[in-house]
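Chain residues, written in single-letter form:
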Amino acid sequence: MKEQHIEIISIAHIYIANPRPRSRGRWQMMVANIREVGLKKPITVVRRKEPDPEGKEFDLVCGQGRIEAFVALGEVHRGDLRRILLNSLPVDTIRWGHKVTAVSPLDGGRHVLTFADGSTATTELLVGADGAWSKVRPLLSEAKPAYAGTSFIETYLLDGDTRHKASAELVGGGSLFALAPGKGILAHREINGALHTYVALNKPEDWIHRIDFSDPATALSQVAEEFDGWAPELTALITDGETAPVPRTIHALPVEHRWDRVHGVTVIGDAAHLMSPFAGEGANLAMYDGAELGEAIAANPGDIEAALLAYEKDLFPRSASAAAEADRNLKLCFDDNAPQSLLDLFISYRSVK
Ligand SMILES: Cc1cc2nc3c(=O)[nH]c(=O)nc-3n(C[C@H](O)[C@H](O)[C@H](O)COP(=O)(O)OP(=O)(O)OC[C@H]3O[C@@H](n4cnc5c(N)ncnc54)[C@H](O)[C@@H]3O)c2cc1C
């Protein structure tokens, strides 16, 4: 995808795809393991490289969404999932390469979209699925994403088991959380053997913008300085990064973000409820919102406003609950008590049977 884009789909062309194809057998095994461990809910389930001596095949870990779990289980790859969703739409439904630059209301709930190439389109129903910096959201709400106080630097070490053995052993078969007050190294093993790391730092937002990431080696050593004295297997996840490091400032909308009904327009996914990734639910919620909206439209033929009301009624508490969890988890991962705070959280999950 060269350009950012948005879909313009007339309602008659919305199809609901099951976003979670999964193997029943594997799912049953996962559930059995979850019950055995006794956690309240798995934030992520990852397959072990080798079953443990008791035959346990999966680990429950925090910090990734269920899509990654499905990837780890070999059930659905992100790219495959995207293809499944795209293939569920009629040919030519999606108009690629249309970056929205402005959205203006017309009468009767219609809106006019202006694209970067100067062309325009008029909508009867406008659904903004355009992410964190949505151009559609301002029609509904004045809320803007705020910096959450934490920045990530994303790195990859390829072929972990052969080329980065010490780090690969440390990361193990699932995810690694190495936390301290105000900072952490969060890594997980991908199905292709890569070690994927988010280096997290509680810093002012301009701190990360002042680093010159066009010079990866210098940028990474500057980031690694923040972890001076940490185990070399851990700092290697930063300094041995083999892809261009990606800085990511974490932003969030207010936990209770909501709006009054506005005729002919709504939003789904991050546009509706941007949150830090620490609930591991952002991608799941985005797909869930889409499915719920589709169902609401199907259940209210000829009455879009009733459909949008029904969709938003459930959307608001659902997103507020995940956003509160994300906010809490982000704070406790890097608070003054880290890493004990995360351990306490896991222990509290164990006690809820
Ligand atoms: C570091 C990090 C780690 C994360 N880890 C996880 C995780 O482990 N699990 C999880 O579930 N979630 C995770 N998330 C969150 C997850 O990525 C998002 O919640 C999810 O991608 C939201 O989907 P979306 O479709 O709403 O928005 P996006 O994925 O942002 O998609 C928005 C789309 O709109 C398009 N667009 C934007 N602006 C315009 C415009 N003006 N005109 C036309 N098109 C436009 C974009 O090109 C894009 O295709 C993570 C996020 C971050 C930052």
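Residues numbered from 1 in each chain as written. Predicted model: local features only at pLDDT ≥ 70, side-chain atom pairs only at ≥ 80, totals over all residues. Heavy atoms only, no water.

**Remarks on the sheet that holds strand 5 (residues 120-123)**
Pairing within the open sheet is antiparallel, and its 3 strands lie in the order 3-4-5. Each edge of the open sheet is held by one strand with a lone partner, namely strand 3 (100-105) and strand 5. With direction set aside, neighbouring strand axes in the sheet form an average angle of 20°. (Pairing = 2+ DSSP bridges. Helix = DSSP H or I, 4+ residues; strand = E, 2+ residues; numbered from the N terminus. Axes fitted to C-alpha atoms, helices over the stretch in contact; angles between N-to-C directions.)

**Thoughts on unusual backbone geometry**
Looking along the chain, the bond that leaves A338 and enters P339 is cis, with omega of 5°. Along the polypeptide, P339 turns up in the loop between helix 11 (304-333) and helix 12 (340-351). We note that D159 has phi near 50°; this positive angle belongs to a residue other than glycine. Residue position: D159 is located in the loop between strand 7 (146-157) and helix 4 (160-163). On the basis of relative accessibility, which here comes to 40%, the residue D159 falls in the partly exposed class. (Buried < 20%, exposed > 50% of the residue type's maximum accessible area, 1.4 Å probe, protein only.)

**Regarding the pairing of strand 7**
Here strand 7 pairs with strand 11 (residues 246-252) via 6 bridges, running antiparallel. Opposite E154, over in strand 11, you have V246 as the bridge partner. Note: strand 7 against strand 10 (residues 195-202), 8 bridges, orientation antiparallel. When the bridges of strand 10 are listed, E154 appears paired with Y198.

**Thoughts on the packing of helix 10 (residues 282-299) against helix 11**
Helix packing for two helices is described by the angle between their axes and how far apart those axes are. Orientation of helix 10 relative to helix 11, taken along the N-to-C sense of each, is 155°, at an axis distance of 8 Å. Between helix 10 and helix 11, the interaxial angle falls into the category roughly antiparallel. For the pair helix 10 and helix 11, the sense of crossing is right-handed. Residue-level contacts link L285, Y288, D289, E292, L293, A296 and I297 of helix 10 to I304, A307, L308, Y311, D314, L315, R318 and A322 of helix 11. The residue makeup of the contact of helix 10 with helix 11, split by class, is 11 nonpolar, no polar and 4 charged. (Parallel < 35°, antiparallel > 145°, perpendicular 65-115°, else oblique. Left-handed = near helix turned anticlockwise from the far one by under 90°. Contact = heavy atoms within 4.5 Å. Nonpolar A, V, L, I, M, F, W, Y, C, P; charged D, E, K, R; others polar.)

**Thoughts on the pairing of strand 8 (residues 175-180)**
Counting buried positions over the 6 residues of strand 8 gives 5, a clear majority of the element. Across 6 bridges, strand 8 lies against strand 9 (residues 183-189) in antiparallel orientation. Residue pairing for strand 9: A180 is matched across the bridge by K183. In this antiparallel pair of consecutive strands, strand 8 and strand 9, the connection spans 2 residues, and G182 shows a positive phi of 80°.

**Focus on the side chain of S341**
Tracing the backbone through its elements, the reader meets S341 in helix 12. Given a relative accessible area of 10%, S341 falls into the buried group. Once residues lying within four places of it in the same chain are set aside, the contact partners of S341 are L332 and D335.

**Some details on the confidence of the model for the chain**
When pLDDT is low, close inspection of the predicted coordinates is not appropriate. The predicted model of the chain has a mean per-residue pLDDT of 81, with 74% of residues at 70 or higher. In the model, residues 1-28 has pLDDT below 50 throughout and makes 56 contacts with residues more than four positions away in sequence or in other chains. Contacts for the low-pLDDT stretch residues 33-45, under 50 throughout, to residues beyond four places or in other chains number 45 contacts. (pLDDT = per-residue confidence, 0-100.)

**Re the pattern of salt bridges**
Taken as a whole and assessed by the stated rule, the structure comprises 13 salt bridges. Of the charged contacts, one joins D159 and R163 as a salt bridge, the two residues approaching to 3.7 Å between their closest N and O atoms. Between K203 and E226 there is a salt bridge, and its shortest N-O distance comes to 3.1 Å. A residue pair is termed long-range when its members are at least 10 positions apart, and K203 in the loop between strand 10 and helix 6 (205-209) and E226 in the loop between helix 7 (216-224) and helix 8 (232-239) qualify at 23 residues. With relative accessibility at 21%, the residue E226 sits in the partly exposed group. Put simply, D159, R163 and E242 are held in one network by salt bridges that share partners. (Salt bridge = Lys/Arg side-chain N within 4 Å of Asp/Glu carboxyl O.)

**Comments concerning the packing of aromatic side chains**
Taken as a whole, this structure holds 5 aromatic pairs when the rule is applied. Centre to centre, the rings of W259 and F316 are 4.8 Å apart; their planes meet at 90°, and the pair counts as edge-to-face. With W259 in the loop between strand 11 and strand 12 (265-267) and F316 in helix 11, this residue pair connects regions lying 57 residues apart in the sequence. Through successive ring pairs, a cluster of aromatic residues spans F152, Y198, F278 and F334. One residue, K183, lies across the ring of F227, its end atom 5.7 Å from the ring centre. (Phe/Tyr/Trp six-rings, centres within 6.5 Å; stacked < 30°, edge-to-face > 60°. Lys NZ or Arg CZ within 6 Å of the ring centre and 35° of its normal.)

**Some thoughts on the sheet that holds strand 8**
The sheet built from 5 strands is open, its strands ordered 8-9-10-7-11 with antiparallel pairing. Of all the strands in the sheet, the pair left with one neighbour each is strand 8 and strand 11. Neighbour-to-neighbour, the strand axes of this sheet turn through a mean angle of 20°, independent of strand direction.

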